[in-house]
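# Examining the three-dimensional arrangement
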Amino acid sequence: MQLRSRFCELCRNPSFAYIHHYAVLPAKVQAAVKEKEFSKNKCLNDIESSKQTKKLRIICKRSEFNLHAGQHYSKFDDIPLASKGWHHRKSRGDFFTIQSYRENPAVSTSSDIKSSFSDTGISEEITTILEEQHITSPTVIQSDGIPVILRGKNTLLTAETGCGKTLAYLLPMIHQILKWQPYLEDRRPNRPLGVVISPNRELANQIGEVASQFSKKLNFTTKILTGGHTKRKMLNPTFEPMDLLVATLGAVSKLTTTGIYNMGDTHHVVLDEADTLLDDSFNEKLCHFLKRFSFQFQGPSTPMVVPAGVQLTLVSATMPTSLPDILGNIVDTDSLQRVSSNQVHHLLPHVPQKFYRLGQSQKPAQLLAMVKQDVGRKHPIIIFSNKSSTCDWISMFLNENGVKCTNLNGSMPLAVREGKLKAFQTGEMDVLSCTDIGSRGINTIRVRHVINYDFPLYTADYIHRCGRTGRVGSMQGCHVSNFVATGREVELVQKIEIAARRGDALPNVNGNITRTIMFRAQKKLEGRM
């Protein structure tokens, strides 16, 4: 009893040092005190470790490669990569995750961002329709881009995927059309005031549907023109009044060449997914079509009057670096006013991205386990592959294993493609297997999980695929999973990991795929010489 009183008295007395306590206590009591102190310290260390885990920017299977928030590398540091040894087959089973570390950058609470669409200069009749659709505040790119386009400037609009670029150009375009109409009342049919060009039918239909929501309530007409039965359209053409034409490049080019459509009254041309349209697979046809327009250098001096020239707007999440080479003979590229997000060509900071090193034979089982888990949670999924044959096989494989899945690729007939995409968009199907035809421009706010069954071969494709989830209006908990199997895929993953660790933009984001291949072949040839 006296010993306990003495111990308590010493512990309460701050004048005694820690070592003094042990000096006056018996051995058994010292051991008990030490054990208590050890347990307390262990608990504190566990709490601190838990806090650190939450602050990790990159989490790896091998914890020595973890990257903590605030950890930086100097320019000449040798950066440790979790994927460094992934070329070896013994690395199978390894993985790392790039964590989310901030909210969606497309939505900002900064005081510098305009708080309403009326602040951007959009007319009240348009903002009223937006409010009816519960769209009250512009995203960052809309706040920055709409005023520039309204001033009639040739504009290069680049921002991360899913940030609202469609409305960023469509709203000022509709505003302009409504202003120009009184001055062009005697227009003949098939002579639009504004034209939006898309690289594929799915995107053209999506843009047209958005525009139609406004044309139903405002005094202008929208026409959607896509490929399919083009010869029939040429032999039995329809002529109708139209103010806004949303079209695929191939269809509008052919019907304009044959004289069915006339661009004489067009004063604004938008190239949506411009990097694809400027790719070598499109740019020759695109440049031939654009030569019909006289693009202006400056915006019109009086906004109420129809401009003498044509305004050009380029829109995309990624943009090739060779614009002067491609468009130099059509428009003065110095006239393009760049409106860009600070997240262009960066990894999405609000979407976790996990990379799995797998062998080819391991991928089906991993896919099935992931998809079944997501289906059980009712989370819609998009699965990307590089070939149409793989896309079709994934759909059959999942359906045979009790998972309802539809597929989408460019080799399908138009009607089939439209039906399959609609089934996924409306919620009839929750799993979509597709090629890169579904990676660009398609608004997929339902998607909670993107799986790259085949890892893309180009950085731009990776950015666009990831952009199918975590969009403005998407639910929380969106994420991306990547299967990495081949040596070429490992090389690209290593570049992505370096960019993530440095906080830099992704390298070699260029839409000109054919030129990229030629450049690499040339470099290899030079290396042999």
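Described in the following lines is the structure provided in the data block. (Residues numbered from 1 in each chain as written. Predicted model: local features only at pLDDT ≥ 70, side-chain atom pairs only at ≥ 80, totals over all residues. Heavy atoms only, no water.)

With that out of the way, let us pick up the overall build of the chain. For the chain, the count of helices and strands is 18 helices and 16 strands. Residue pairs in contact within the chain that sit at least 24 positions apart in sequence constitute 75% of those at least 6 positions apart. For the chain, the accessible surface area stands at approximately 26,000 Å², while carbon and sulfur atoms represent 52% of it. (Helix = DSSP H or I, 4+ residues; strand = E, 2+ residues; numbered from the N terminus. Contact = heavy atoms within 4.5 Å. Areas by Shrake-Rupley, 256 points an atom, 1.4 Å probe, with all protein chains shown as cover.)

Further remarks concern the packing of helix α6 (residues 165-180) against helix α7 (residues 201-215). At a minimum axis distance of 11 Å, the contact between α6 and α7 shows a crossing angle of 40°. The pairing of α6 with α7 is recorded here as oblique in orientation. Our pair here, α6 against α7, has a crossing hand that is right-handed. Between α6 and α7, the residues in contact are L167, Y169, L170, L171 and I174 and I207, V210, A211 and F214, respectively. (Axes fitted to C-alpha atoms, helices over the stretch in contact; angles between N-to-C directions. Parallel < 35°, antiparallel > 145°, perpendicular 65-115°, else oblique. Left-handed = near helix turned anticlockwise from the far one by under 90°.)

Take A247: it is sitting in strand β7 (residues 244-248). Sequence-wise, A247 and K223 are 24 residues apart; in three dimensions their C-alpha atoms are separated by 8.2 Å.

Relative to strand β3 (residues 95-98), strand β1 (residues 56-60) runs antiparallel, the two being bridged by 3 bridges. Opposite I58, over in β3, you have I98 as the bridge partner. Pairing of β3 with strand β11 (residues 353-357) involves 4 bridges; the strand directions are antiparallel. Across the sheet, the residue bridging to T97 is K354, located in β11. (Pairing = 2+ DSSP bridges.)

The next point concerns the sheet that holds strand β9 (residues 311-316). Backbone-to-backbone hydrogen bonds pair the strands of a sheet. The strands run either parallel or antiparallel. Strands sit in the order β6-β7-β5-β8-β9-β4-β10 across an open sheet of 7 strands; the sheet is parallel. Two strands lie at the open edges of the sheet, namely β6 (222-225) and β10 (337-340), each paired on one side alone. Adjacent strand axes in the sheet meet at a mean angle of 15° when their direction is disregarded. Bridge analysis of strand β5 (residues 194-198) against strand β8 (residues 268-272) gives 4 bridges, and the strand direction is parallel. Within β8, the position partnered with G194 by the bridge is H268. The sheet contacts of α6 involve β4 (155-158), β5, β7, β8 and β9, and relative to β8 the element is tilted by about 165°.

Okay, the pairing of strand β12 (residues 381-384) next. Side chains of β12 alternate between two faces, with I381 and I383 and I382 and F384 buried alike. In the sheet, β12 pairs with strand β14 (residues 431-434) via 4 bridges, with the strands oriented parallel. Bridge assignment links I381 to a residue of β14, and that residue is V431. Looking at chain direction, β12 and strand β15 (residues 449-452) are connected through 4 bridges and run parallel. The residue of β15 that forms the bridge with F384 is N452. (Buried < 20%, exposed > 50% of the residue type's maximum accessible area, 1.4 Å probe, protein only.)

A few words on the nonpolar core. The tendency in soluble globular proteins is for nonpolar side chains to be buried as a group. Judged by nonpolar contacts, the single largest core of 81 residues is most densely connected at F96, L171, F214, L244, F355 and I496. Ranked by residue count, the leading element in this core is α6, at 10 residues. Discounting chain neighbours no more than four positions away, the residues touching L171 are F117, I122, I126, L130, I146 and F214. Of all hydrophobic cores here, the second largest spans 35 residues; its members include L277, L278, F289 and L312. (Core = buried A, V, L, I, M, F, W, Y, C linked by side-chain atoms within 4.5 Å.)

One pass over the structure, following the stated rule, counts 2 cavities of 30 Å³ or more. A volume near 100 Å³ is recorded for the largest cavity. Looking at the largest cavity, it is lined by 15 residues, and the ones nearest its centre are T161, H346, L347, L348 and I463. The dominant element in the lining of the largest cavity, judged by the number of residues it contributes, is helix α16 (residues 459-466), at 3 residues. For the lining of the largest cavity, the residue count by class is 9 nonpolar, 5 polar and 1 charged. A volume near 30 Å³ is recorded for the second largest cavity. Every residue along the wall of the second largest cavity is listed here: I382, L408, L421, L432, G438, I442 and T444. Here the lining of the second largest cavity is composed, by residue class, of 5 nonpolar, 2 polar and no charged. (1 Å grid on protein atoms, 1.4 Å probe; cavity = no way out; pocket = protein on both sides within 12 Å on 5 of 7 lines; lining within 4 Å. Points joined across faces, edges and corners; volume = space filled by probe spheres on them. Nonpolar A, V, L, I, M, F, W, Y, C, P; charged D, E, K, R; others polar.)

With respect to topology, 9 strands assemble into an open sheet ordered β2-β1-β3-β11-β16-β15-β12-β14-β13, the strand pairing being mixed. Edge strands, defined here as strands with exactly one partner in the open sheet, are β2 (67-68) and β13 (406-408).

Our focus in this paragraph is the layout of surface pockets. Put simply, the largest pocket is a space of about 1,100 Å³. Taken together, the elements giving at least two residues each to the lining of the largest pocket come down to α6, α7 and α15 (414-425). Considering every element that reaches the lining of the largest pocket, the biggest residue donor is α7, with 8 residues. In terms of residue class, the lining of the largest pocket is made up of 12 nonpolar, 19 polar and 10 charged.

Bringing the pattern of salt bridges into the picture now. In the structure shown here, the tally under the stated rule is 12 salt bridges. The partner of R187 in a salt bridge is D243, and the shortest N-O contact between them spans 2.4 Å. Of this pair, R187 sits in the loop between α6 and β5 while D243 is found in the loop between α8 (230-235) and β7, placing the two residues 56 residues apart along the sequence. When the shortest N-O distance is used, the salt bridge between D436 and R465 registers 2.8 Å. Separated by 29 residues along the polypeptide, D436 in the loop between β14 and β15 and R465 in helix α16 bring together distant segments of the chain. (Salt bridge = Lys/Arg side-chain N within 4 Å of Asp/Glu carboxyl O.)

So, on to the side chain of T333. Tracing the chain through its elements places T333 in the loop between α12 (323-327) and β10. Non-local contacts of T333, meaning those with residues more than four positions away in its chain, are made with L323, P324 and L327.

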